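# Observations on the model geometry
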Amino acid sequence: MKSYVIFDLDGTLLKTIDDLANATNYALRTLGFPTHGLWIYPNLVGNGVTRLIERALPDDARTEKNINDALDAFKQYYDNHCCDTTVPYPGIPELLEDLTAKGINLAVTSNKYQEAVTKIINHYFPDANFRAILGNTDGFPRKPDPSIVFKALSLCPTAKAQTLYVGDSGVDMETARRACVESCGVTWGYRSINELKEAYADHIVSTPTQIADIVYSKK
């Protein structure tokens, strides 16, 4: 049985892609660059907002100034619109409620910047038993560096054998592997099952109830 479940945010707990896309397109328009269709964005996310902006800019426009200017415009928009269309994936609120009721400690670790992560989690899951709500901060390495998992463990000291890391991407599975904790890939997010398999996910699930099954398993 697991006593601590660490979740990725985007593509795992919440379907955030449209709000991320709208904020990025706003930033691109503000700087006079072409925008992208919403269907492009699942391939651009996963490594933080700075990398999202870099990938969205034209190849010949990825200068430090353009990235920083676009990032400022993105945050200006996203800070006010991050909950416009974002919704929890089906079954996630019930999963978090059940885990909380059974005394399981929870954490979220995201490559999204800290202010947005805090706002979004408090908006959608105010009653869940989150012991750590961690986003990216200046000078702190992004996933797949395992430092953010180690920080979550320091805020809620738990044996690694009793910890489960849940995410939707190969980056998440690599983060868990580097942190030496068990990994669970979800199929409803922004990446393929093949990516999860190639990243050596310990478990791959298609419903939130299957996450609960892993958490409560006595194996």
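Here is a short report on the structure shown in this document. Treat the numbers as computed from the prediction; the structure is a model and nothing was measured. Counting restarts for each chain: residues are numbered from 1 in the order of the written sequence. Where local features are concerned, this predicted model is filtered to residues with pLDDT of at least 70; where side-chain atom pairs are given and counted, the filter is 80 or more; whole-chain, interface and lining totals use all residues. Derived side-chain values reflect all non-hydrogen atoms in the structure, with water molecules and hydrogen atoms excluded from consideration.

## Re the side chain of Thr86
For Thr86, the location among the structural elements is in the loop between α3 (64-81) and β3 (87-88). Counting of polar contacts relies on pairs of N or O atoms within 3.5 Å, with two restrictions inside protein: one atom must be capable of donating a hydrogen and the other of accepting it, and residues adjacent in sequence are counted only when both atoms are side-chain atoms. Side-chain polar atoms of Thr86 contact the side chain of Asp19, separated by 2.7 Å. Those residues in contact with Thr86 that sit more than four places away from it in its chain are Leu14, Lys15, Thr16, Asp19 and Tyr124. In DSSP terms, a helix is any run of H or I states spanning at least four residues, a strand is any run of E spanning at least two, and both are numbered starting from the N terminus. Working rule for contacts: check all heavy atoms of both residues, and any pair within 4.5 Å makes them a contact.

## Section: the sheet that holds strand β8 (residues 203-205)
Spatial strand order, β5-β4-β1-β6-β7-β8: six strands in an open sheet with parallel pairing. In this open sheet, the two strands that pair with only one neighbour each are β5 (130-136) and β8. Within this sheet the neighbouring strands show an average axis-to-axis angle of 20 degrees, counted without direction. A pair of strands is labelled paired if DSSP reports no fewer than 2 bridges between them. Bridge count for strand β4 (residues 105-113) against β5 is five bridges, and the pairing is parallel. Across the sheet, residue Leu106 finds its bridge partner in β5, namely Phe130. Axis definition: a line fitted to C-alpha atoms, over the contacting stretch in the case of helices. Angles run 0 to 180 degrees between N-to-C directions. The sheet strands contacting helix α6 (residues 147-155) are β1 (4-7), β4, β5 and β6 (163-167), and the helix crosses β5 at an angle near 155 degrees.

## Section: helix α5 (residues 114-124)
Residues of α5 that are buried include every one of Gln114, Ala116, Val117, Ile120, Ile121 and Tyr124, and no others. When α5 is viewed along its axis, its buried side chains cluster within an angular range of 160 degrees and face the same direction. Among the structural elements, β2 (14-15), α3, β3, β4 and β5 are those in contact with the buried residues of α5. Throughout, exposure labels follow a simple rule: accessible area from a 1.4 Å probe, protein chains only, divided by the maximum for the residue type, with under 20% read as buried, over 50% as exposed, and the rest as partly exposed. Summarising the geometry, the arc corresponds to the directions from the helix axis toward the C-beta atoms.

## With respect to the state of the cysteines
Two cysteine sulfurs form a disulfide in these notes if their separation is within 2.5 Å. Applying the stated rule across the entire model yields zero disulfides. This cysteine, Cys83, is not joined by any disulfide, and Cys82 carries the nearest cysteine sulfur, 3.8 Å off. There is no disulfide at Cys156, and the cysteine sulfur nearest it, in Cys180, is 19 Å away. Given the relative accessible area of 3%, Cys156 is considered buried.

## So, helix α1 (residues 17-31)
Working rule for helices: expected span equals 1.5 Å times residues minus one. Compared with the 21 Å implied by 1.5 Å per residue over 15 residues, the 21 Å span of α1 between its first and last C-alpha is a close match. Every buried residue of α1 is accounted for by Ile17, Asp19, Leu20, Ala21, Ala23, Thr24, Asn25, Ala27 and Leu28. Close packing links the buried residues of α1 with β2, α2 (49-56), α3 and β4. Positive backbone phi, at 85 degrees, marks Gly32, one or two positions downstream of α1.

## Digging into the pairing of strand β7 (residues 182-186)
Taking burial as the measure, the five residues of β7 include four buried ones, the bulk of the element. Bridge analysis of β6 against β7 gives four bridges, and the strand direction is parallel. Residue pairing in the sheet places Leu164 in a bridge with Glu182 of β7. By convention, orient the strands away from the viewer: a clockwise path from the first strand over the helix to the second makes the crossover right-handed. Handedness of the crossover is the feature at issue here: the chain leaves β6, passes through helix α7 (residues 170-179), returns alongside β7, and the resulting connection is right-handed. Relative to β8, β7 is paired through three bridges, and the arrangement is parallel. Bridge pairing links Gly185 to Ile204 in β8.

## Considering the side chain of Asp172
You can see Asp172 is positioned in helix α7. Here the side chain of Asp172 touches Asp168 through a polar contact of 3.2 Å, landing on its backbone nitrogen. If we ignore the near neighbours within four places in the chain, the residues touching Asp172 are Asp8, Lys143, Tyr165 and Gly167.

## Digging into the packing of helix α4 (residues 92-101) against helix α9 (residues 208-216)
Helix packing geometry: the angle between the two helix axes and the distance between the axes. Two numbers describe how α4 lies on α9: the axes approach to 9 Å, and their chain directions differ by 20 degrees. Here α9 runs roughly parallel to α4, going by the angle between their axes. Crossing of α4 over α9 shows right-handed handedness. Contacts between α4 and α9 involve Ile92, Leu95, Asp98 and Leu99 from the former and Pro208, Ile211, Ala212, Val215 and Tyr216 from the latter. Should an angle lie under 35 degrees it is considered roughly parallel, over 145 roughly antiparallel, and from 65 to 115 roughly perpendicular; all remaining angles are considered oblique. By the definition used in this description, the sense in which the near helix is turned from the far one sets the handedness, with an anticlockwise turn below a right angle giving left-handed and a clockwise turn giving right-handed.

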